[in-house]
Amino acid sequence: MEKETEKVNNITVYIRRFDPEKDAAPRQQQYTLQVEKGMTVLDGLHMIKQTQDPTINFRFSCRMGVCGSCGMMINGVPALSCNTQILDVTTTALTLAPLPNFNIIRDLVADLVPMFGVLKGLQLYIRRSDVEEMEKPTHEFYQTPHQLEEFLQFTYCIKCGCCMAACPTMATDRQYPGPAPLTQAYRYNVDSRDDAGDARRDLVAASHGTFSCHYAGECSNVCPKGVDPARAIQLMKKDLVLNYFGLAKHKCAHLHKKPDKASYKPKIDVPAHTVGK
Amino acid sequence: MANKQFDNHLGIVGWLGGGRWGVERYLYILHRLTGLGLLLFFLMHIFASSVRMYGPESWGVAMAILKNPVFKLGEFCVFVIFAFHALNGIRLIFIELGLAVGRAEEPIYPYKSSLNNQRPLMVVAMVLVAILIIAGGYNTFFGSH
Amino acid sequence: MRETAYWTWFIIAGIVILVIAGLHMVVMHLPMFGVFNPESGAVTDWGNVAFRSQNQFLAFTYIILLGAVLFHGFYGLRTIVFELGPKKSFQDGFTVILWIVGLVLFGIGTYAAIAAKALETAL
């Protein structure tokens, strides 16, 4: 079978450059790129780095849309460079810039560490009042598929920062946690296995918290994994209001006792912390 | 070695968007602007309508000032922004109380989001705004008042 | 909890404004003569204004509307200003100023409504 002649487009690529040792502010640099169908923005950046300018910097890792490293502004919209095909965006001019609402480390690399700091501060792990069970687990927790579905969507977050770049509140308010941390806070609040809703609610209902979201909806528009942070935040507001009126009901998942005839396999001794030793 | 980073926060310009955003982003900024406009109007309105406590003569003087066509146009503008702010506000109340965003569902590509859930509500709200603006315009400029 | 309380009452105030200001729009722009505008002529003629000022129900609902709009408007203004990132001390001070200004304006408006109502019965 004859191979289809692939149409090759010559595209002008504008990349926002910033060298902290030399530049006071970012500047734009122009490149030309031959683009074939299927070429992603990340492919294009590799091509430019290999053949034209080895000094450009960009972050990437998995190159398949699961690690969240390669978020950047692609023609004015935050997206993953590995997930975005150039010809889907433009056939003439491609403009690349680092994610806004973060500091720029260099060229297209944004500093996501503040976002990780906020995520850590929200204590995003299952917390229960039965501490003994948490430390030395004996049984499983019951969770129905319906209970799982209430938060499953929000577990798909890869912490890429695209939603944070798209959010208008993030543009000015440095104290606002942002769509990603708020979505994760909701994900744990609504997880039936978790018991620490009140503590997390105090954190997210504070000034500059959940109520600084005004449903511009861009976070959900740009999310590359369909997490829909806007939905999570509005559902969290509903939860906070119901809690205010004392109408919230949250059952903590029960332990699932093993059937009488079943037996557990012997526990494996897991060594404590091997990293750093 | 700590290099100087560049602060890339968009600032207040980030509220306005960049021309590639969805409708809801612009409704958000319009809602803010109309809210501020209404607040400014209302602060003047408190004082203007309080004149009625001084009796018919003072009221007549105040009304004579407000008969100026500039104020009539201003009144129509206030009505327009009130109509938008009120109807978008109804839409936001439904959304922000979790009533128009749909339930969490496992994301399957092509992704749908809460924006799809609230879109019919948004369309109805904006159609009603258009109807109110037309009705208000007719009433102000062609009605007998 | 305080921010949740502020926001919840902000929403409730919004709904109250929707109903009462909606009614206000109807009264002022769709003149239903005989109901709220007994005298023919403009809605803003003294006779009609005096009638509405003297009306118990309207005087009461206008005072509620005044309170609701001041709370709703000032909370909105506070939200916008806070999102511009001022210091905590400014935030606390600004909140106090808004409460004071809001209560003063509420006082002025309520006094005007009651004075207008009393004025009518004196004539």
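It should be emphasised that the depicted structure is a prediction, and the values quoted were computed from it without experimental measurement.

Criteria and thresholds
- Starting afresh in each chain, residues are numbered from 1 along the sequence in its written order.
- Labels follow written order: the first chain is A, the first ligand is 1, and so on.
- Note on the predicted model: pLDDT of at least 70 is required for a residue's local features to be given, and 80 or more for side-chain atom pairs to be given and counted; whole-chain, interface and lining totals, by contrast, use all residues.
- Note that the side-chain values use all heavy atoms of the structure and ignore hydrogens as well as water.
- Numbered from the N terminus, helices here are DSSP runs of H or I no shorter than four residues, and strands are runs of E no shorter than two.
- Throughout, radius of gyration means the C-alpha value; the globule benchmark is 2.2 Å times the number of residues raised to the power 0.38.
- Three labels apply to residues, based on accessible area from a 1.4 Å probe with only protein chains included: buried if under 20% of the type maximum, exposed if over 50%, partly exposed otherwise in between.
- By definition, residues are in contact when any of their heavy atoms lie within 4.5 Å.
- Under the convention used here, a 1.4 Å probe and the Shrake-Rupley method define accessible areas, while residue burial counts only the protein chains that appear.
- Two residue types count as positive, namely Lys and Arg, and two as negative, namely Asp and Glu; His and chain ends fall outside the count.
- Taken as the charge location is NZ of Lys, CZ of Arg, CG of Asp or CD of Glu.
- What counts as buried area is the accessible surface, traced by a 1.4 Å probe, that two parts surrender upon association, with contributions from both included.
- Salt-bridge detection follows one rule: a side-chain nitrogen of Lys or Arg within 4 Å of a carboxyl oxygen of Asp or Glu.
- Within 3.5 Å is the distance limit for a polar contact, defined as a pair of N or O atoms, with the added protein rule that one can donate a hydrogen and the other accept it, and that residues adjacent in sequence qualify only through two side-chain atoms.
- Between any two strands, pairing holds if DSSP finds at least two bridges.
- Each axis is a line fitted through C-alpha atoms, taken for helices only over the stretch in contact, and angles between the N-to-C directions span 0 to 180 degrees.
- Without a salt bridge and with relative accessible area above 30%, a residue can belong to a patch; like charges are then joined within 9 Å and nonpolar side chains (Val, Leu, Ile, Met, Phe, Trp, Tyr) within 5 Å.
- On a scale of 0 to 100, pLDDT captures the predictor's confidence in every residue.
- To pair, rings of Phe, Tyr and Trp, with the six-membered ring standing in for Trp, must have centres within 6.5 Å; the planes then decide the type, stacked if under 30 degrees apart, edge-to-face if over 60, and tilted in the middle.
- By the criterion adopted, a ring carries a charge over it if an Arg CZ or a Lys NZ lies within 6 Å of its centre and within 35 degrees of its normal.

## What about the overall build of chain B?
Inference 1: Secondary structure summary: chain B contains five helices and one strand in total.
Inference 2: Starting at the N terminus and walking to the C terminus, you meet the elements of chain B as β-α-α-α-α-α.
Inference 3: Relative to its length of 145 residues, chain B is extended, with a C-alpha radius of gyration of 22 Å against a globular reference of 15 Å.
Inference 4: Along the first, second and third principal axes, the C-alpha set of chain B runs to 70 × 45 × 25 Å.

## Quick word on the overall build of chain C
Inference 1: Per the secondary structure count, chain C includes four helices and zero strands.
Inference 2: Start at the N end of chain C and walk to the C end: the helices and strands fall as α-α-α-α.
Inference 3: Taking 14 Å as the expected radius of gyration for a compact globule of 123 residues, we find that chain C reaches 18 Å, considerably beyond that expectation.
Inference 4: For chain C, the C-alpha atoms occupy an extent of roughly 55 × 30 × 20 Å along the three principal directions.
Inference 5: Taking all 123 residues of chain C together, the buried fraction comes to 48%.
Inference 6: Considering only residue pairs separated by 6 or more positions, chain C has 59% of its internal contacts joining residues 24 or more positions apart.
Inference 7: For chain C, the accessible surface area stands at approximately 6100 Å², while carbon and sulfur atoms represent 76% of it.
Inference 8: Considering chain C, the positive charge centre built from 6 side chains and the negative charge centre built from 6 side chains are found 12 Å apart.

## Quick notes on the interface of chain A and chain B
Inference 1: Taken together, the contacts link 53 residues of chain A with 39 residues of chain B.
Inference 2: Of all residues in chain A, His214(A), Tyr215(A) and Arg231(A) bury the most surface against chain B, accounting for 17% of the area lost on that side.
Inference 3: The tally of links between chain A and chain B comes to two salt bridges.
Inference 4: Asp7(B) is the partner of Arg174(A) in a salt bridge, and the nearest nitrogen-oxygen pair spans 3.0 Å.
Inference 5: Seen at the junction of chain A and chain B, the total is 26 residue pairs in polar contact (both at pLDDT 80 or more).
Inference 6: Breaking the side of chain A that touches chain B down by element, the ones donating at least two residues are β4 (77–80), β6 (103–106), α5 (145–152), α7 (168–172), α10 (218–222) and α11 (229–244) of chain A.

## Digging into the pairing of β6(A)
Inference 1: Inspection of the sheet shows β6(A) paired to strand β7 (residues 109–111) of chain A by three bridges, in the antiparallel sense. Note on β7(A): the bridge partner recorded for Asn103(A) is Asp111(A).
Inference 2: Examined bridge by bridge, β6(A) and strand β1 (residues 6–7) of chain B share two bridges and lie antiparallel to one another. By the bridge assignment for β1(B), Ile104(A) is matched with Phe6(B).

## Considerations on the pattern of salt bridges
Residue and element names in this part refer to chain A.
Inference 1: Summed over all chains, the structure comprises 18 salt bridges over all chains.
Inference 2: For the salt bridge of arginine 17 with aspartate 107, the shortest nitrogen-to-oxygen distance reads 3.0 Å. Residue arginine 17 is found in strand β1 (residues 9–17), and its partner aspartate 107 is found in the loop between β6 and β7; the two are separated by 90 residues along the sequence.
Inference 3: Arginine 201 is the salt-bridge partner of aspartate 198, the closest N and O atoms lying 2.8 Å from each other. Highlighted residues: aspartate 198 and arginine 201, both in helix α9 (residues 197–204), separated by three residues, approximately one helical turn.

## Here's the deal with unusual backbone geometry
Inference 1: Omega for the bond connecting Tyr109(B) with Pro110(B) falls within 30 degrees of zero, at -5°, which places this linkage in the cis form.
Inference 2: Tracing the backbone through its elements, the reader meets Pro110(B) in the loop between α4 (69–96) and α5 (114–142).
Inference 3: For Tyr215(A), which is not a glycine, the phi torsion comes out positive at approximately 55°.
Inference 4: Structurally, Tyr215(A) can be placed in the loop between α9 and α10.
Inference 5: The class of Tyr215(A) is buried, set by a relative accessible area of 1%.

## Some words on the sheet that holds strand β3 (residues 71–74) of chain A
All names here are of chain A.
Inference 1: Across the sheet, five strands lie side by side as β2-β1-β5-β3-β4; this open sheet has mixed pairing. Two strands bound the open sheet, and with one partner strand each, they are β2 (27–35) and β4. For this sheet, the mean inter-axis angle between neighbouring strands, taken without regard to orientation, is 35°.
Inference 2: Bridging between β3 and β4 involves four bridges; their strand directions are antiparallel. Note on β4: the bridge partner recorded for glycine 71 is leucine 80.
Inference 3: In the packing of helix α1 (residues 41–51) onto the sheet, contacts are made with β1, β2, β3 and β5 (93–97), and the angle to β2 comes to roughly 100°.

## Structural notes on a nonpolar patch on the surface
Inference 1: Together, Phe47(B), Val96(C), Ile100(C), Val104(C) and Ile108(C) line one region of the surface with nonpolar side chains, adding up to about 430 Å² of accessible area.
Inference 2: Looking at the nonpolar patch element by element, the count peaks at four residues for helix α4 (residues 88–122) of chain C.
Inference 3: The exposure class assigned to Ile108(C) is partly exposed, which follows from its relative accessible area of 31%.

## Side note on the confidence of the model for chain B
Inference 1: Looking at chain B, pLDDT values average 90 and 94% of them are 70 or higher.
Inference 2: Within chain B, no element has a lower average pLDDT than helix α1 (residues 13–16) of chain B, which sits at 77, and none a higher one than α4(B), at 95.

## Looking at the packing of aromatic side chains
Inference 1: One pass over the full model with this rule turns up 14 aromatic pairs over all chains.
Inference 2: Ring centres of Phe211(A) and Trp7(C) lie 4.6 Å apart, and the angle between their planes is 25°; on these two criteria the pair is classed as stacked. Placement of Phe211(A) in the loop between α9 and α10 and of Trp7(C) in helix α1 (residues 2–29) is noted, with the two residues assigned to different chains. Just as Phe211(A) is buried, Trp7(C) falls in that class too.
Inference 3: With a centroid separation of 5.2 Å and 65° between ring planes, the pair formed by Phe76(B) and Phe141(B) is classed as edge-to-face. Linking Phe76(B) in helix α4 with Phe141(B) in helix α5, this pair joins segments that are 65 residues apart in sequence.
Inference 4: Linked through ring pairs, Tyr6(C), Phe10(C), Phe71(C), Tyr75(C) and Trp99(C) together constitute an aromatic cluster.
Inference 5: Seen from the ring of Tyr188(A), Arg187(A) lies directly overhead, with NZ or CZ sitting 4.0 Å from the centre.
Inference 6: Positioned above the aromatic ring of Trp15(B), the side-chain terminus of Arg32(B) is 4.4 Å from the ring centre.

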